[in-house]
Amino acid sequence: MKLILLGAPGAGKGTVAKLLTKLDGSVQISTGDILRGAVRAKTDLGKEAEGYMNRGDLVPDSLIMGIMEHRLQEDDCKGGFLLDGFPRTIPQAEELTQLLTKLGIKLDMVANIDVPRDVIFDRLCTRRTCENPDCQAIYNTKSNPTKVEGICDACGSPAVQRADETEEAIGHRLDTYNEKTAPLASFYEKQGLLETIVGTSSDIVVNAIKKKLGI
Ligand code: ADP
Ligand code: ZN
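Residues numbered from 1 in each chain as written. Chains lettered and ligands numbered in written order. Predicted model: local features only at pLDDT ≥ 70, side-chain atom pairs only at ≥ 80, totals over all residues. Heavy atoms only, no water.

Going by an unreviewed UniProt entry, the chain carries the name Adenylate kinase and comes from Candidatus Desulfobia pelagia. Turning to the chain, the UniProt annotation filed under Subunit (unreviewed entry) states: "Monomer." (UniProt positions renumbered as here; feature names shortened; annotations may be inferred.)

A. Structural context of the site of ligand 1. T31, R36, D57, Q92 and R173 are the nearest of the 19 residues found near ligand 1. The contact in question runs from a nitrogen atom of ligand 1 to an N or O atom on the side chain of T31, over 2.8 Å. One of the side-chain N or O atoms of R36 is found 2.9 Å from an oxygen atom in ligand 1. Contact with the protein chains covers 96% of the free accessible surface of ligand 1, which is 540 Å². A per-element tally of the shell around ligand 1 places helix α2 (residues 31-40) first, with four residues. Considered class by class, the residues forming the shell around ligand 1 number seven nonpolar, four polar and eight charged. (Near = heavy atom within 4 Å. Polar contact = N/O pair within 3.5 Å; in protein donor to acceptor, adjacent residues only side chain to side chain. Areas by Shrake-Rupley, 256 points an atom, 1.4 Å probe, with all protein chains shown as cover. Helix = DSSP H or I, 4+ residues; strand = E, 2+ residues; numbered from the N terminus. Nonpolar A, V, L, I, M, F, W, Y, C, P; charged D, E, K, R; others polar.)

B. Geometry of the pairing of strand β3 (residues 81-84). Side chains of β3 alternate between two faces, with F81 and L83 and L82 and D84 buried alike. Here strand β1 (residues 2-7) runs beside β3; their pairing, made up of four bridges, is parallel. Paired with L3 across the strands is L82, a residue of β3. (Buried < 20%, exposed > 50% of the residue type's maximum accessible area, 1.4 Å probe, protein only. Pairing = 2+ DSSP bridges.)

C. Looking closely at the coordination of the zinc ion (ligand 2). Bound to the zinc ion (ligand 2) on the protein side are C130 (SG), C135 (SG), C152 (SG) and C155 (SG), at distances that span 2.3 Å. Taken together, the four donor atoms coordinating the zinc ion (ligand 2) and their angles of 99 to 116 degrees define a geometry best described as tetrahedral. Here the donor residues of the zinc ion (ligand 2) are spaced in sequence according to C-x4-C-x16-C-x2-C. Highlighted residues: C130 in strand β5 (residues 127-130) and C155 in the loop between β6 (138-140) and β7 (159-160), separated in sequence by 25 residues. Given the relative accessible area of 3%, C130 is considered buried. When its relative accessible area of 33% is taken as the criterion, C155 is described as partly exposed. (Donors = N, O, S within 2.8 Å, 3.2 Å for Na, K, Ca; no water. Tetrahedral: all angles 85-135°; square planar, octahedral: opposite > 155°, others 65-115°.)

D. Up close: the pattern of salt bridges. Tallying each qualifying case throughout the model produces 15 salt bridges. The salt bridge partner of E165 is R127, with a shortest N-O separation of 2.7 Å. One end of the pair, E165, is in the loop between β7 and α7 (167-181); the other, R127, is in strand β5, and 38 residues separate them in sequence. Across the pair, exposure class does not vary: E165 and R127 are buried alike. As a salt-bridge pair, D153 and K147 come within 4.0 Å of each other at their nearest N and O atoms. Note on D153: relative accessible area 38%, which makes it partly exposed. On the basis of relative accessibility, which here comes to 75%, the residue K147 falls in the exposed class. Sharing partners across several salt bridges, the network here consists of R127, R162, D164, E165 and R173. (Salt bridge = Lys/Arg side-chain N within 4 Å of Asp/Glu carboxyl O.)

Below, the structure written as structure tokens:
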């Protein structure tokens, strides 16, 4: 499948993407994960992106398009992909349309995961992420706590709050989403690709996507 997952930070795009990859071997492409990897590796890209990310601001479109143009041409994308966290602005979406046309790729659907803001805010404030880049397990201090506080059940590394998951940065990320990313819904609606799914459980969202794709 060739999908875009649209939805606010904390809507569950990453979780849904991971479940969908198990269905048909499509790959998850998360621009957030790629950027965090670059920050950890202290590459030029990482050094440029880090400040924006920690403040909860978007990284400039030109940096993101450079990453995605390269990524979408890698071999593993031939079997399908799930774009998680990209595109995030109208200019990114317009450039993506051009890029996909150039590569001869047609999207199946843009799944817009719609979760109420208060649910999201609460989720993000209580989210904990395993620091180990090869694990990245996600926990929640309320609904899915680690067995030992602050330690990942799966691999024993620290499970921490992300630098951009302070209340202030979260509020800013949600405002940025409403201003810059939410307009993508009507952009894709006009292309006849949009399916909005209201749901706070990732299983419900996955089932709705499967049904719409006929799989
Ligand atoms: P979330 O969806 O939970 O906010 P992500 O992991 O998708 O988190 O992104 C983390 C940060 O990485 C964003 O706040 C932003 O700074 C940057 N980022 C990720 N994807 C993009 C993108 N497509 N365009 C601009 N910035 C991005
Ligand atoms: Zn772990």
